[in-house]
Every structure is written in C-alpha cells, then in structure tokens.
Amino acid sequence: MNATLEEIASRIKGAKSVAVLTHMRPDGDAFGSALALSSALETLGIPHCVCDESEIPSNLAFLEGIGRVQKELPGDCELYIAVDSSDEQRFGALADKFRLAAKKHDTINIDHHISNTRFAKYNFVRECSANCMNMTLLIEAMGVALDRKTAEYLLLGLLTDSGNFSHDDVTEETFLTAAKLVKAGADPAALNYNLFRKQPRARADFYVDTMSRIRYLLSDRFAVILITLDAMKKFGADNGMTEGFVDFPLTVDTVEVSASVMEVKEGQYKISLRSKTYADVNKIAGVYGGGGHVRAAGCMLFGDPEEVIDRLSYTVSQYL
C-alpha cells in the first residue's frame, strides 16, 4: 500500500532492528540514500545494517563509512527498507532473501523511479530529481537534524542523479534541497571534485578508448558505446569507472538517445539509456523488462553483442 512519509517515519522509529538495502551496481543516489538513512538510524540508536550485493564502485570509495556496507542480507531484522530501487529484481543476489523476509517482516520502499512496482508493504514513491530528495524529507519527518555527514550523503545523491543539476527534471525544489544540505555542512566543491573531476589515468585511457568507438545509428540520432569484459580487464576497470560514459554521446548535436551496452558476463549485457529532449527511454527499457526515468533508464539484454545492438536499435527507432 502507499504510505506517507510521516507514517513511514513512525514505523521506522518504532523498529527494534532495521536492514537497509539498495540496488545492484549502486550509484551515488543509491548509496547516498542508504547511508543517509543509516546515519539517521544511528542518531536514533536503532540497530541496523546497510546491504548491497555489489563490490563498492571505485568512484564512490571516498565516501565516509562506505566500508560498513555488507553483502549479505540478514533474515532476522524487524524491518526491511529498500531505497532507490524500482523493483525487487534490482536487488540482484539479495532479491530472494528480501522476498523471504517480506513474508515474516514489514517492508518499506522509498523511491523516485516512474517504473516502480510498489513491491513493499509500505510504499512511498515520488518522482523527483533524486531519491535523496525523498530521503531528506523522510529524515526530517523522523525528527533527526541534518548533520554534516548525513547532508554530504544526501547531496551526493542529488548531484549524481540530477547530472550536477543539468537534467530536465531539476526543479526549484532540487535547488532548495541542495541549499538546505549545504547549510547543514555538505561541501559541494569537494563532492564535485571526487565525483566528476578526479580520476586515475586508467579511467581516462579507458574513456578515450571507448569514445573512439562510438557507433552512430538511425541517421545519427542514436549513439551506442560497447563496453566488453576484455576492455574492462585491459584497463583494470570496475563498474565505477564507467560512471558517466553513457552521457558523453548526448553532447553530439544530432544524438537524441545514447546507450551503453556493457558486458556483464558472456551473452548478458547491461543496457544504460539516456535521452536528450523527447524520447522516453523508460518505455524503451520497459520493452525488455527494465525501466527507470523518462530521460534515464536501463535493462538487461541477452545474446550476441551485434544482435543485442540490432534489437536495441530497432526498439529505439520506434520512439524517435
């Protein structure tokens, strides 16, 4: 059922133990949401853990407290809270454990994706620039004052999911939330440096190599980058190193839709989609069981890479 933030805040404050989890291959909004909630729970003295199946991406390794994220989801917590996750499948290896826990314990879902399936007992889903905007309101509803550490986590999510305030879902509320977080002690300059301007040489070389092979399809309206496991190995890259790769092709004036086709394992590809002005990539991803936002979405495709790109190109052509 849908619930208000006040109802959710009351349920959280009454919990004796909490598990917070977020989606596989987490980005800044995922970890920002999870760690900010963890910080609030710590202030309230509520025993809890933060869980994610993935390795910590290298671009987020600078985060204070990131080392306390664990890969296993305990089965004996009183309350399970999912953040920044549109459906249960996004938990990856933790999905089945979450479903099992949901049979015995209360679950909460706090998210901002248009494709959210309302999979928890209590759901608060509101479209906005970043889920950390929802989390800011929740923490305030919990009666927890924003300190520097919590504000940094929240601003991290806001910066990453808004494209550093460049996406078309950025509103007055986005900037007002950012101002509130800066007032609480978050450092936007340090976050910008660590998120967008700092990189090892290997990442720079990997970026140049990948962009040198951009494919332009559908009269140059669709651009595709292919990231193979061999390339990842060659440059010693992890998933964190590829953050932002999919955005570059959109800077080409003719391109409306950009796709990153990343090999996860042989025959399986993670597709990240972005659009510039009018194409709804949430609907494109939805054709393959994925989803996200109108301008940013993702899905999984299986098969030979050329077949995957051909199928994706045909689907994109239906939305241009």
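For the structure given in this document, a descriptive report is provided here. Worth saying up front: this structure is predicted, and the values here are computed from it rather than measured.

1. Side note on the overall build of the chain
Item 1. The helix and strand inventory of the chain stands at 11 helices and 11 strands.
Item 2. Structurally, the chain occupies a C-alpha span of about 55 × 40 × 35 Å along its principal axes.
Item 3. Counting over 320 residues, the chain shows a buried share of 53%.
Item 4. If you take every contact in the chain between residues at least 6 apart in sequence, the share linking residues at least 24 apart comes to 66%.
Item 5. Side-chain charges of the chain comprise 34 positive and 44 negative groups, with the mean position of each set lying 2 Å from the other.

2. Things to note about the side chain of S162
Item 1. Examined against the element boundaries, S162 turns out to sit in the loop between α5 (148-161) and α6 (172-183).
Item 2. Within the structure, the side chain of S162 is placed 2.7 Å from the backbone oxygen of L158, a separation counted as a polar contact.
Item 3. Those residues in contact with S162 that sit more than four places away from it in its chain are S129, H167 and V170.

3. Details of the packing of helix α2 (residues 28-44) against α5
Item 1. Put simply, α2 and α5 touch, their axes get as near as 8 Å, and they point 160° apart. Viewed along their axes, α2 and α5 adopt a mutual orientation that is roughly antiparallel. Classified by chirality, the crossing of α5 by α2 is left-handed. Packed against α2, whose contacting residues are G28, D29, G32, L35, A36, S39 and E42, the element α5 presents K149, T150, Y153, L154, L156, G157, T160 and D161 at the interface.
Item 2. For the contact of α2 with α5, a count of residues per class yields 5 nonpolar, 6 polar and 4 charged.

Procedures and definitions
Residues numbered from 1 in each chain as written. Predicted model: local features only at pLDDT ≥ 70, side-chain atom pairs only at ≥ 80, totals over all residues. Heavy atoms only, no water. Helix = DSSP H or I, 4+ residues; strand = E, 2+ residues; numbered from the N terminus. Buried < 20%, exposed > 50% of the residue type's maximum accessible area, 1.4 Å probe, protein only. Contact = heavy atoms within 4.5 Å. Lys, Arg positive; Asp, Glu negative; His and termini not counted. Charge placed at Lys NZ, Arg CZ, Asp CG, Glu CD. Polar contact = N/O pair within 3.5 Å; in protein donor to acceptor, adjacent residues only side chain to side chain. Axes fitted to C-alpha atoms, helices over the stretch in contact; angles between N-to-C directions. Parallel < 35°, antiparallel > 145°, perpendicular 65-115°, else oblique. Left-handed = near helix turned anticlockwise from the far one by under 90°. Nonpolar A, V, L, I, M, F, W, Y, C, P; charged D, E, K, R; others polar.

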